[in-house]
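Spelled out, the chains give:
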Amino acid sequence: MSIQRLHLETNEDILVLLSLQIASYRVEAELICFDDIPPLKDGIQSIREAEETFYGFFVHENDESTLAGAISYSREGGAVTICRMMVHPKYFRRGIARSLLQHILMDQQLNGATRFIVSTGTENLPAIQLYESFGFAVRRVFTVPPGVSLTTFERPAIIS
């Protein structure tokens with residue numbers, strides 16, 4: 001198992017990420033009872049144009065390396081926004097999302113981040129539990145289309 005930055009330089013690299021993203025976000029779409037979420041609409045061009053930094057979690061099995069999870073973030077000044085968090089359903093409940101989030105929090109704190117922001121569907125309890133376990137607190141709940149709400153969480157960087 002390893003976490004590595006994803007450079008997404010080729011269409012093949014992007015398609016591997018998109019396959020993971022679609023599998024992961026289909027589960028979130030079911031949890032929040034809304035299948036029109038933006039990550040399910042992405043294509044090669046939108047990923048290529050995304051102003052986010054991507055990291056992947058690779059599982060090594062049978063002499064092969066498989067992208068099992070990924071996270072992306074953007075940064076503006078000291079504020080880091082977690083843009084995407086995804087784990088392939090085949091690899092749920094193995095601590096992959098936790099490892100990815102911990103990696104970004106530690107790396108960005110070492111690079112001067114002062115706060116972290118993340119949003120998820122209000123009904124996505126596994127994601128909410130993960131973020132709260134890292135000290136994220138609810139900052140805002142808002143309705144996207146009628147009947148679907150998102151929750152934004154925030155936490156300060158932890159100064160050691």
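Note: the structure precedes this text.
Just so it is clear, the model here is predicted, and its values are computed rather than measured.

Parameters and conventions
Residues numbered from 1 in each chain as written. Predicted model: local features only at pLDDT ≥ 70, side-chain atom pairs only at ≥ 80, totals over all residues. Heavy atoms only, no water. Helix = DSSP H or I, 4+ residues; strand = E, 2+ residues; numbered from the N terminus. Rg over C-alpha atoms; globule rule 2.2 N^0.38 Å. Buried < 20%, exposed > 50% of the residue type's maximum accessible area, 1.4 Å probe, protein only. Contact = heavy atoms within 4.5 Å. Areas by Shrake-Rupley, 256 points an atom, 1.4 Å probe, with all protein chains shown as cover. Lys, Arg positive; Asp, Glu negative; His and termini not counted. Charge placed at Lys NZ, Arg CZ, Asp CG, Glu CD. Phe/Tyr/Trp six-rings, centres within 6.5 Å; stacked < 30°, edge-to-face > 60°.

## Considerations on the overall build of the protein
Okay, step 1: Looking only at helices and strands, the protein has 4 helices and 7 strands in total.
Okay, step 2: When the helices and strands of the protein are listed from N to C terminus, the series reads β-α-α-β-β-β-α-β-α-β-β.
Okay, step 3: Against the globule reference of 15 Å for 160 residues, the protein gives a C-alpha radius of gyration of 15 Å, in line with a compact fold.
Okay, step 4: Seen along its three principal axes, the alpha-carbon backbone of the protein occupies a region of about 40 × 40 × 30 Å.
Okay, step 5: When each of the 160 residues of the protein is scored for burial, the buried share is 42%.
Okay, step 6: Within the protein, residue pairs in contact and separated by at least 24 positions form 61% of the contacts whose partners lie at least 6 positions apart.
Okay, step 7: With the model as given, the accessible surface of the protein reaches about 9,000 Å², and the carbon-plus-sulfur share is 50%.
Okay, step 8: Charge centroids of the protein, computed over 14 positive and 19 negative side chains, lie 6 Å from each other.

## Here's the deal with the packing of aromatic side chains
Okay, step 1: Inspection of the entire model under this criterion finds 2 aromatic pairs.
Okay, step 2: Measuring from ring centre to ring centre gives 5.8 Å for Tyr131 and Phe136, while their planes differ by 65°; the resulting arrangement is edge-to-face. With respect to burial, Tyr131 and Phe136 carry one shared label: buried.
Okay, step 3: Here Tyr131 and Phe153 contribute two aromatic rings whose centre-to-centre distance is 6.2 Å and whose plane-to-plane angle is 45°, an arrangement assigned as tilted. Note that Tyr131 is positioned in helix α4 (residues 125-133) and Phe153 in strand β7 (residues 149-156), a separation of 22 residues in sequence.

The quantities given are spatial measurements derived from coordinates; they are silent on function.
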